[in-house]
Amino acid sequence: MIRSMVSAGEIPLQNEDIEICQRVFDQICVEKGIKDEDRCEELAASIIDFYQHGVKNEASLKRLFS
């Protein structure tokens, strides 16, 4: 999910950045039971947005959505 959202974004991310975002996305989806495609896309876009605006620490990023 994260990779497909990144390709649509304006600021390119490196593989390491995508991996961090993907791990956070996967953890939040499991914790909150998110399976709906629209909610998944919204979550992925939000994670990428926060990451691109400076929340680079994985634990901090996860806390924003927990």
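Residues numbered from 1 in each chain as written. Predicted model: local features only at pLDDT ≥ 70, side-chain atom pairs only at ≥ 80, totals over all residues. Heavy atoms only, no water.

K.L.:
Hey, could you run me through the confidence of the model for the chain in this one?
P.N.:
It should be kept in mind that the predicted coordinates are not to be read in detail where pLDDT is low. Residues with a pLDDT of 70 or more make up 83% of the chain, whose mean pLDDT is 88. Of all helices and strands in the chain, the one with the weakest mean pLDDT is helix H1 (residues 2-8) (61), whereas helix H2 (residues 15-32) scores best (96). (pLDDT = per-residue confidence, 0-100. Helix = DSSP H or I, 4+ residues; strand = E, 2+ residues; numbered from the N terminus.)

K.L.:
Can you help me understand the nonpolar core in this one?
P.N.:
Nonpolar side chains tend to gather and get buried jointly when the protein is soluble and globular. Judged by nonpolar contacts, the single largest core of 17 residues is most densely connected at Phe25, Leu43 and Ile47. Looking at this core, the elements with two or more residues in it are H2, helix H3 (37-52) and helix H4 (58-65). Ranked by residues supplied to this core, first place goes to H2 with 7 residues. (Core = buried A, V, L, I, M, F, W, Y, C linked by side-chain atoms within 4.5 Å. Buried < 20%, exposed > 50% of the residue type's maximum accessible area, 1.4 Å probe, protein only.)

K.L.:
Before we go on, may I ask you to explain the packing of H2 against H3 in this structure?
P.N.:
Their axes nearest at 10 Å, the elements H2 and H3 cross at an angle of 135 degrees. In terms of orientation, H2 and H3 fall into the oblique class. In the crossing of H2 with H3, the sense of the turn from one axis to the other is right-handed. Contact residues: H2 offers Asp17, Ile20, Cys21, Val24, Phe25, Ile28 and Cys29, while H3 offers Cys40, Leu43, Ala44, Ile47 and Tyr51. Split by residue class, the contact of H2 with H3 holds 11 nonpolar, no polar and 1 charged. (Axes fitted to C-alpha atoms, helices over the stretch in contact; angles between N-to-C directions. Parallel < 35°, antiparallel > 145°, perpendicular 65-115°, else oblique. Left-handed = near helix turned anticlockwise from the far one by under 90°. Contact = heavy atoms within 4.5 Å. Nonpolar A, V, L, I, M, F, W, Y, C, P; charged D, E, K, R; others polar.)

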